[in-house]
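Summary of the model geometry
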Amino acid sequence: MEKSIEMLLNTKGLAREARSIASKVLQGERIDLKEGQYLFEEADLAFVGALANHIREKKHGDRTYFNRNFHLEPTNLCIFTCKFCSYSRLLKQQEDGWFLTEEQMMQEIKKYDGKPVTEVHIVGGVHPKLSLTFFGELIKKIVAYRPELHIKAFTAVEYDYMFRKAKMSYEEGLSYLKSCGLHSIPGGGAEIFDEEVRAIICGDKCSSEDWLKLHELAHGMGIPSNATMLYGHIERACHRIDHMDRLRKLQDRTGGFNTFIPLKFRNGNNEMSHLGEATIIDDLKTYAVSRIFLDNFNHIKAYWPMIGRKTAQLLLQYGVNDIDGTIDDTTKIYSMAGAEEQSPVMSTREIVDLIKAVDRHPIERDTVYNEITDFKDHVFEDDGFIELPVLYN
Ligand code: V47
Ligand code: SF4
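In what follows, the accompanying structure is described.

1. Section: the packing of aromatic side chains
- Taken as a whole and judged by the stated rule, the model has 15 aromatic pairs.
- On the numbers, 5.8 Å between centres and 90° between planes, the contact of Tyr65 with Tyr369 is edge-to-face. Placement of Tyr65 in strand E1 (residues 63–67) and of Tyr369 in the loop between strand E9 (361–365) and strand E10 (371–374) is noted, with a sequence separation of 304 residues between them. The burial state of Tyr65 is the same as that of Tyr369; both residues are buried.
- In this structure an aromatic cluster arises from ring pairing among Phe134, Phe135, Phe154, Tyr159, Phe163 and Tyr170.
- The positively charged end of Lys110 is found above the aromatic ring belonging to Tyr145, 5.3 Å away from the centroid.
- If you follow Arg365 out to its NZ or CZ, it ends over the ring of Tyr369, 4.4 Å from the centre.

Listed below in structure tokens is the structure:
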């Protein structure tokens, strides 16, 4: 048994509930909803963190994944009115928004000619002009131009709208896009599944039931996906646990989720700006509890453009084993919501250094976690720059 766990279990006065959760975790047993809620509401951060790290190290050792990717955001014009969204503009505020033509999107793809990226992540606002066939054609063009690029595209919210408009069922729409070259689905749009909370923060977009149904069907068709949870606004611990429980049940049925990504609510420039933001303690606990509760998810990802580099480093000790990608300043979702990273970009070398700086073992992965390059002992070729100590902010 690891020293830290052993020490924890020997702590005098460790509550009965905590001891019973720890012994379940050590025996690889699943914790229940009540226990999950206990971890959020009553357990010490040190205790939750040690358990999460134990699971992380049992599953992955020190291995810490990242990928080389970029985002393509076709438009920020959106018919929906999610109160937490700082990024979207309603169609009537077109002057503040952007809308890329197919040609402009292909120009964005071509910017990565000769660069070792493996994934494009396509996600944006829901715009009535962007139809299913428009996106099908776009995907085909990307595949024809760069066949080896993994296309991870559109949230369940975007699919729900484009399939309804095309008068197609989820099965028909997904199978059409798969035939065009879609590989996987990102985790956005999940927010919080509890219907009461969802009605308040994003009542007009697809329901929780629809989100889960779409992902289940996709998994059944061999299209893997991710799952997110927007935390730190008006939801309570019971809602977070309920959210994870619905995902855990679905994962038991399909095994199609690659990774779980808790997304911290950022309060800049949106209709929920009056709310505070989660504390760092709450951030660490939320990731750690998700690592403990979601025993059937292989990976827990901290999306560094949203949570910040320093917190991402810390989270590698709290259950996280993946920090997403190089991004190359191609997403606006978080900078517009006030995240520290106003122009998110990290070179491969920076991401590798960031992981090594906290004694973890950096490995480049592809979207579905095949390992591409082990950077543990990698020596970067001299790129003509004088090496200075990296100061992360
Ligand atoms: O669904 C919007 C979130 C999501 C805010 O699958 C906000 O690999 C915090 O899902 N504060 C879209 N969050 C982004 C997303 C994602 C990101 C990175 C990787 C992956 C993946 C998926 O962004 C939305 C919503 O939950 N969001 N506004 C905000 N103010
Ligand atoms: Fe539109 Fe997505 Fe923003 Fe909601 S979160 S308003 S669906 S862009």
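2. Section: the site of ligand 1
- Near ligand 1, the surroundings consist of 24 residues, among which Phe84, Lys152, Gly187, Gly189 and Glu191 are the closest.
- One nitrogen or oxygen atom from the side chain of Asn226 is found 3.0 Å from an oxygen atom belonging to ligand 1.
- Within the backbone of Arg266, an N or O atom sits 2.9 Å from a nitrogen atom of ligand 1.
- In the complex, the protein chains occlude 95% of the 620 Å² of accessible area that ligand 1 would expose alone.
- For the shell around ligand 1, the per-class residue count stands at 11 nonpolar, 8 polar and 5 charged.

3. Examining the site of ligand 2
- Around ligand 2, the neighbouring residues are Cys78, Phe80, Cys82, Phe84, Cys85, Ser88, Gly125 and Lys205.
- The residue inventory of the shell around ligand 2, partitioned by class, reads 5 nonpolar, 2 polar and 1 charged.

4. A word on the pattern of salt bridges
- Under the defined criterion, the tally for this structure stands at 27 salt bridges.
- We note a salt bridge from Asp245 to Arg248, for which the minimum N-O separation is 4.0 Å. Here the residue Asp245 and the residue Arg248 both occupy positions in helix H11 (residues 237–254), the gap between them amounting to 3 residues, near one helical turn. Residue Asp245 shares its accessibility class with Arg248, and that shared class is buried.
- Connected via shared salt-bridge partners are Arg30, Asp252 and Asp295.

5. Quick word on the pairing of strand E3 (residues 119–122)
- Side chains Glu119 and His121 of E3 all project onto a buried face; the interleaved residues Val120 and Ile122 project onto the opposite face, where all are buried too.
- Pairing between E3 and strand E4 (residues 150–153): 4 bridges, direction parallel. Bridge pairing links Val120 to Ile151 in E4.
- Of the crossover connections in this fold, the one passing from E3 over helix H6 (residues 132–145) to the parallel E4 is right-handed.

What counts as what
- Residues numbered from 1 in each chain as written.
- Chains lettered and ligands numbered in written order.
- Predicted model: local features only at pLDDT ≥ 70, side-chain atom pairs only at ≥ 80, totals over all residues.
- Heavy atoms only, no water.
- Phe/Tyr/Trp six-rings, centres within 6.5 Å; stacked < 30°, edge-to-face > 60°.
- Helix = DSSP H or I, 4+ residues; strand = E, 2+ residues; numbered from the N terminus.
- Buried < 20%, exposed > 50% of the residue type's maximum accessible area, 1.4 Å probe, protein only.
- Lys NZ or Arg CZ within 6 Å of the ring centre and 35° of its normal.
- Near = heavy atom within 4 Å.
- Polar contact = N/O pair within 3.5 Å; in protein donor to acceptor, adjacent residues only side chain to side chain.
- Areas by Shrake-Rupley, 256 points an atom, 1.4 Å probe, with all protein chains shown as cover.
- Nonpolar A, V, L, I, M, F, W, Y, C, P; charged D, E, K, R; others polar.
- Salt bridge = Lys/Arg side-chain N within 4 Å of Asp/Glu carboxyl O.
- Pairing = 2+ DSSP bridges.
- Right-handed = clockwise from strand over helix to strand, strands pointing away.

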